[in-house]
Amino acid sequence: MRIAVIRGDLPGPVFLADLEDVSQYNPPTEPKGQERYLTRPTSASFGAAMALYAPASLGSTADIVFPLVINGGNQTLKLKQAAADPFTSYLIPTGNYANMTALLAAINSILSGTGAFVAVPLGTAPTLRLAIQTTAKGAGNRIQYDTTAGGSTANTPLALAAGGATFTVPAASTVITATVPVGGPVDVSPATIRTQLGAGLTEAQWVALQNALAPLLVETDVALKSFQVGYLFDLRNAAFNPDPNRLPPIAPGAAIAVVADDGVTPFVSPVPTITNAQFNVPAPGMITITGTGLAGPGAPNSEVVQTRVKFFTAPDTRYVDQARITATVGGVVSATSIVIP
């Protein structure tokens with residue numbers, strides 16, 4: 001799940017106090033403690049992230065066809081940064097390129113001399129598209145390649161637009177308004193991040209920018225309980241008020257929005273509800289529990305929350321975990337039914 005602060009009038013950050021303590025966790029089985037302060041992204045804070053992860057970039061508009069032959073008729077790539085600058089011609093070494101790795105190495109061999117541009121894979125591997133990026137990052141950085149007719153003949157083999165293209169990294173405030181507007185809805189999906197900050201962003205770059213806008217929380221048992229009934233529940237409640245006694249008064253309203261890992265789908269985690277529990281069903285000695293929202297989203301033994309059944313038995317309380325239930329013949333854990341052998 002991703003958490004974004006959607007109010008701009010909070011007197012201070014919000015603290016997720018009921019998550020795992022940062023100093024108390026079991027490294028082999030649990031994520032690092034997730035308790036933290038959260039604030040709304042600002043031009044200063046997100047601008048700092050853009051200065052690290054947001055180059056001006058332009059990418060292939062279609063898949064590159066391999067093997068790729070580069071010759072004297074299609075080897076010229078014409079690039080510039082400032083609109084007033086003349087284009088610089090870069091000659092890709094001629095040859096027959098079998099794959100993206102070889103092609104990127106060849107292009108970077110001619111770009112490295114200036115230090116202004118770099119070629120990277122576009123998207124996750126394996127990919128048949130590439131992007132040309134500025135080495136400088138942050139708002140205001142610009143990149144442009146010339147038209148094919150204007151002499152940028154490498155546009156054709158690299159699947160760049162024949163009519164040329166330009167991209168300028170927008171201001172941090174523009175991106176914040178488009179992705180985490182006051183009051184929501186939140187959309188920090190990869191597609192939206194790339195629409196705002198350039199199609200040529202690598203996965204590492206857009207993930208870092210996502211995290212600067214809406215940090216990712218691992219959906220542990222503690223995190224899901226916080227979402228269902230804890231601090232996250234309170235903060236996303238329309239009746240939330242950070243200081244009811246403040247004058248002038250602060251209007252109530254949700255402080256945060258919670259979306260799924262994809263960055264845009266509203267996160268949903270239903271509170272488990274038991275409608276029936278029967279002993280000796282479906283066979284002697286077995287227990288069947290029915291209801292809704294009974295299954296945890298993760299696989300057995302994962303760090304993601306699992307179902308745990310709690311039995312109140314005198315003189316002590318006993319637990320049976322999902323991994324043990326499903327590892328036993330006849331054991332079932334689903335959204336609507338739990339069968340304990």
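Note that this is a predicted model, so its numbers are computed, not measured.

Conventions we followed
Residues numbered from 1 in each chain as written. Predicted model: local features only at pLDDT ≥ 70, side-chain atom pairs only at ≥ 80, totals over all residues. Heavy atoms only, no water. Helix = DSSP H or I, 4+ residues; strand = E, 2+ residues; numbered from the N terminus. Buried < 20%, exposed > 50% of the residue type's maximum accessible area, 1.4 Å probe, protein only. Polar contact = N/O pair within 3.5 Å; in protein donor to acceptor, adjacent residues only side chain to side chain. Phe/Tyr/Trp six-rings, centres within 6.5 Å; stacked < 30°, edge-to-face > 60°. Lys NZ or Arg CZ within 6 Å of the ring centre and 35° of its normal. Pairing = 2+ DSSP bridges. Axes fitted to C-alpha atoms, helices over the stretch in contact; angles between N-to-C directions.

A closer look at the environment of Asn71
No. 1: When you line up the elements, Asn71 lands in the loop between β5 (68–70) and β6 (76–80).
No. 2: Accessibility expressed as a relative area gives 36% for Asn71, which makes it partly exposed.
No. 3: Residues Asn71 and Ala154, spaced 83 residues apart in sequence, show a C-alpha to C-alpha distance of 9.6 Å.
No. 4: Side-chain polar atoms of Asn71 contact the backbone nitrogen of Gly73, separated by 2.8 Å.

Observations concerning the packing of aromatic side chains
No. 1: Under the counting rule described, the total for this entry stands at three aromatic pairs.
No. 2: On the numbers, 6.2 Å between centres and 80 degrees between planes, the contact of Tyr90 with Phe117 is edge-to-face. Here Tyr90, found in strand β7 (residues 88–91), pairs with Phe117, found in strand β9 (residues 117–121); they are 27 residues apart in sequence, far enough to count as distant.
No. 3: On the basis of relative accessibility, which here comes to 7%, the residue Tyr90 falls in the buried class.
No. 4: You can call Phe117 buried: its relative accessible area is 5%.
No. 5: In this structure, Lys80 packs its charged tip against the face of Phe87, placed 4.6 Å from the ring centre.
No. 6: For the cation-ring pair, Arg236 lies above Phe227, with the distance from its terminal atom to the ring centre recorded as 3.7 Å.

Points about the sheet that holds β6
No. 1: With antiparallel pairing, the four strands of this open sheet are ordered in space as β7-β6-β11-β12. A strand with exactly one partner marks an edge of an open sheet, and here the two such strands are β7 and β12 (165–168). If you compare each strand with its neighbour and ignore which way they point, the axes differ by 25 degrees on average.
No. 2: Where strand β11 (residues 142–145) and β12 come together, four bridges link them in antiparallel fashion. Bridging across to β12, Gln144 finds its partner in Thr166.

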